[in-house]
Amino acid sequence: LAVESAHGDATSVVARGNRSYFLLPWRARTIVGTADIVHAESPSTYSLRWEEAQTFLKEVSAAYPDSRITESNVSLIFGGLRPVEPTVRKRFFSKELSVYGSVEAAHRDLILDHSESDTVTNFISVVGIKYTTVRSVAEKAVDLFEKKLRGAASISMTSDLKLAGSEYHDIDRYVGEKMFELEKLLPPAFARQLILDYGTGVESLIRILRQNPSSSRMLTPELCVAQVHHSIHNEMAVTLSDLVLRR
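Residues numbered from 1 in each chain as written. Predicted model: local features only at pLDDT ≥ 70, side-chain atom pairs only at ≥ 80, totals over all residues. Heavy atoms only, no water.

S.K.: Can you break down the overall build of the chain residue by residue, with the values?
M.R.: Across its full length, the chain carries 9 helices and 9 strands. Counting the 247 residues in the chain, one finds 30% classified as buried. Sequence-distant contacts in the chain: of pairs separated by 6 or more residues, those separated by 24 or more amount to 48%. Within the structure as shown, the chain displays about 16,600 Å² of accessible surface, and the carbon and sulfur contribution to it stands at 55%. (Helix = DSSP H or I, 4+ residues; strand = E, 2+ residues; numbered from the N terminus. Buried < 20%, exposed > 50% of the residue type's maximum accessible area, 1.4 Å probe, protein only. Contact = heavy atoms within 4.5 Å. Areas by Shrake-Rupley, 256 points an atom, 1.4 Å probe, with all protein chains shown as cover.)

S.K.: Account for helix 5 (residues 171–182), with residues named and values stated.
M.R.: Along its 12 residues, helix 5 runs 16 Å from first to last C-alpha, staying within 8% of the 16 Å computed at 1.5 Å per residue. Of the positions making up helix 5, those classed as buried are Tyr174, Val175, Lys178, Met179, Glu181 and Leu182. For helix 5, the buried positions fall inside an angular range of 155° around the axis, keeping them on one side. Exposed positions of helix 5 whose direction lies more than 90 degrees from the buried face are Asp172, Arg173 and Phe180. The opening residue of helix 5 is Asp170, an N-cap whose side-chain oxygen sits 3.0 Å from the backbone nitrogen of Asp172. (Expected span 1.5 Å × (residues − 1). Arc of directions from axis to C-beta. Polar contact = N/O pair within 3.5 Å; in protein donor to acceptor, adjacent residues only side chain to side chain.)

S.K.: So what's going on with the packing of aromatic side chains? Which residues, and what values?
M.R.: Aromatic rings considered in pairs are described by the distance between their centres and by the relative angle of their planes. For the structure shown, the criterion picks out 2 aromatic pairs. Considering the side-chain rings of Tyr21 and Phe56, the 6.0 Å spacing of their centres and the 55° angle between planes classify their relative orientation as tilted. Of this pair, Tyr21 sits in strand 3 (residues 19–26) while Phe56 sits in helix 1 (residues 50–63), and the two are 35 residues apart along the sequence. Of the two residues, Tyr21 and Phe56, both sit in the buried class. Seen in terms of ring centroids, Tyr168 and Tyr174 are 5.6 Å apart; in terms of plane orientation they differ by 25°. Their pairing is stacked. Relative accessible area serves as the criterion here: at 23%, Tyr168 is assigned to the partly exposed category. (Phe/Tyr/Trp six-rings, centres within 6.5 Å; stacked < 30°, edge-to-face > 60°.)

S.K.: Give a description of the environment of Asp36 that names residues and reports values.
M.R.: Its location among the elements puts Asp36 in the loop between strand 4 (29–33) and helix 1. Each C-alpha atom of the pair Asp36 and Leu81 lies 9.6 Å from the other, and the pair is 45 residues apart in sequence.

S.K.: Residues and numbers for the nonpolar core, please.
M.R.: Residues Leu182, Leu186, Leu194, Ile195, Val202, Leu205 and Ala226 are the most contacted members of the largest nonpolar core, which totals 17 residues. Those elements that place two or more of their residues in this core are helix 5, helix 6 (188–198) and helix 7 (202–211). With sequence-adjacent residues up to four places away left out, Val202 is seen in contact with Tyr174, Lys178, Leu182, Leu194 and Ile195. Grouped together as the second largest cluster of nonpolar side chains are 10 residues, Tyr21, Leu23, Val32 and Val60 included. (Core = buried A, V, L, I, M, F, W, Y, C linked by side-chain atoms within 4.5 Å.)

S.K.: Can you break down the packing of helix 5 against helix 7 residue by residue, with the values?
M.R.: Here helix 5 crosses helix 7 at 10°, and the two axes come no closer than 11 Å. The angle between helix 5 and helix 7 falls in the class roughly parallel. Handedness of the crossing formed by helix 5 with helix 7: left-handed. Mapping the contact onto sequence places Tyr174, Lys178, Glu181 and Leu182 in helix 5 and Val202, Glu203, Ile206, Leu209 and Arg210 in helix 7. (Axes fitted to C-alpha atoms, helices over the stretch in contact; angles between N-to-C directions. Parallel < 35°, antiparallel > 145°, perpendicular 65-115°, else oblique. Left-handed = near helix turned anticlockwise from the far one by under 90°.)

S.K.: Just give me the short version of a nonpolar patch on the surface, but keep the residues and values in it.
M.R.: On the surface, a cluster of nonpolar side chains totalling about 210 Å² of accessible area is made up of Leu110, Leu112 and Val127. Note on placement: Leu110 falls in strand 6 (residues 110–113). (Patch = residues over 30% accessible without salt bridge, like charges linked within 9 Å, V, L, I, M, F, W, Y side chains within 5 Å. Salt bridge = Lys/Arg side-chain N within 4 Å of Asp/Glu carboxyl O.)

S.K.: Tell me what's going on with the confidence of the model for the chain, and back it up with residues and numbers.
M.R.: For the chain, per-residue confidence averages 81 on the pLDDT scale, and residues scoring 70 or more make up 82% of the total. Of all secondary-structure elements in the chain, the lowest mean pLDDT belongs to strand 1 (residues 2–4), at 50, while helix 7 reaches the highest, 95. Taken as a whole, residues 3–11 scores under 50 in pLDDT and shows 23 contacts with residues more than four places along the chain or in a different chain. (pLDDT = per-residue confidence, 0-100.)

Here is the structure:
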């Protein structure tokens, strides 16, 4: 959940029984998570239901009464699908586990070599669990392919490559340099947040702002016209929600 809040503390984690919740400041809101709910149908039928959000709000309020979160504070609900431990499916269909309950998610990425399980050669399936492990699991999958096709894996370089947007040597110095350029075009606080959000990708915004000064116009307190141009041309934004919610 993303809720309107004046909460300014660092990340907070609260627990109730064997469940833990986190409250993370995000811009002018607080992100509250998470709930695990069994989805036993086809992945294509997945959708969020308000009743599930209401149940989650009650749990968080019971665990952390001082949060004072109500339904009127909720501005966004988001979720997705992730794999669970194999035993969960069995327990769910045997009625040992309810839809809304304590669900044990899979903790390890899965790389399946189909030559071992299905006698299909040179075919690998990968099930990722977390964004933070995708580079590592990709390296392992490519290494496996190389061993199968070439007999040995080459040394991966991805662990030493910088992520897009982080191609700087000193973050404080970089922020200072870009602030000198942006504070003439945008409100200082907003300009600083853009640099922290986009990293070196802010160069694109600076070019847009210089070519079209009117693109500095603020559409919301957190979005200017230049960001819309950037998202459409560089981030595959297609819908309004892509522009407003998905950065």
